[in-house]
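For reference, the chains in residue letters:
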Amino acid sequence: MSVDTVTEKDILEKLRMLSSEQWAQVLDFIGYLSQKATSEPPPTFARSPEEHVPPRGWDTYVRVAGHVRRAWPEEQATQSLLDEVRR
Amino acid sequence: MRFTIDASVHINAVNRSEVGSTESRALLERLHRHEHSVVLPTLLLVEVAAAAARALDDAALGIELAQSIYDLPGQTWAPLDESLAGEAARLGAEARLRGADAVYAAVARRFDTVLVTRDRQQLERLRPLLPTQTPAEALDQL
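The rules we used
- Residues numbered from 1 in each chain as written.
- Chains lettered and ligands numbered in written order.
- Predicted model: local features only at pLDDT ≥ 70, side-chain atom pairs only at ≥ 80, totals over all residues.
- Helix = DSSP H or I, 4+ residues; strand = E, 2+ residues; numbered from the N terminus.
- Expected span 1.5 Å × (residues − 1).
- Buried ≥ 20, exposed ≤ 12 C-beta atoms within 10 Å, placed from the backbone.
- Contact = placed C-beta atoms within 7 Å.
- Axes fitted to C-alpha atoms, helices over the stretch in contact; angles between N-to-C directions.
- Parallel < 35°, antiparallel > 145°, perpendicular 65-115°, else oblique.
- Left-handed = near helix turned anticlockwise from the far one by under 90°.
- Nonpolar A, V, L, I, M, F, W, Y, C, P; charged D, E, K, R; others polar.

Q: Explanation requested: helix H4 (residues 59-70) of chain B in the structure shown.
A: Spacing of three or four residues puts side chains on the same side of an α-helix, whose turn is 3.6 residues. Over its 12 residues, H4(B) extends 17 Å from the first C-alpha to the last, a length consistent with the 16 Å expected when each residue adds 1.5 Å. Of the positions making up H4(B), those classed as buried are B:Gly62, B:Glu64, B:Leu65, B:Ala66, B:Ser68, B:Ile69 and B:Tyr70. Buried residues along H4(B) sit against helix H3 (57-71) of chain A together with helix H1 (7-14) and helix H3 (43-56) of chain B.

Shown next, in the form of structure tokens:
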């Protein structure tokens, strides 16, 4: 079946072939698709070869890191924070 | 000498009241101002963004910090492909590492770099396996 020619009827027929035990998975997937359609695109770190990127480097890092440093909560230890992120 | 920098160094560098923050900042400045060769797993971007966003309750600032690290000069980014994952799996199993720690270890092993970290478990478990230093130790070498 070509993706371009999928109709509502095709989808409903496929859904009828599933057992009721799979319905929760179908709802999960529909929820994922709905969320994906409405949320912002994720940040892209990779650059395309033709994309012109102005030199940012160290000076930009210093500016951003300075902003983060001023906002960083005093009680937040690096080790415990990374233990949470890496668990 | 080439280096792999753990996320703990980057986070410590912005954690101004924490012990070692001055050394972590000084090391990053020395590495990037003088364009020493640094090889990093792309995982670092995820960890920095997630950790900073969690600490600051600010997703945009977490991503901005990760982006600014990505744009630093002199860095090579190593993605976690199947081959590197295999190496990380072996190191992780042998040294009983956490998954993220094993990825850093695999990058350091593959690219023959010194792993610089403030993470307690990495320092304990990786020192017998590969060159591992604290930021203060790495600063002494530069």
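Moving on from the model shown.
Q: Help me understand the packing of H1(B) against helix H2 (residues 21-33) of chain B in this model?
A: When two helices pack together, their arrangement is given by the angle between their axes and by how far apart the axes lie. Residue and element names in this part refer to chain B. Here H1 crosses H2 at 115 degrees, and the two axes come no closer than 7 Å. By the criterion of interaxial angle, the relationship of H1 to H2 is roughly perpendicular. Where H1 crosses over H2, the handedness of that crossing is left-handed. On H2, the residues touching Val 9, Asn 12 and Ala 13 of H1 are Ser 21, Ser 24, Arg 25, Leu 27 and Leu 28.

Q: What's the story with the interface of chain B and chain A in this structure? I'm lost.
A: When the parts of a complex come together, some accessible area is lost, and that lost area is often used as the size of the interface. The partner chain A presents 24 residues to the 36 residues of chain B that form the contact. Every element with two or more residues in the side of chain B that touches chain A is listed here: H1, H2, H3 and H4 of chain B. Across the side of chain B that touches chain A, the residue classes break down as 18 nonpolar, seven polar and 11 charged.

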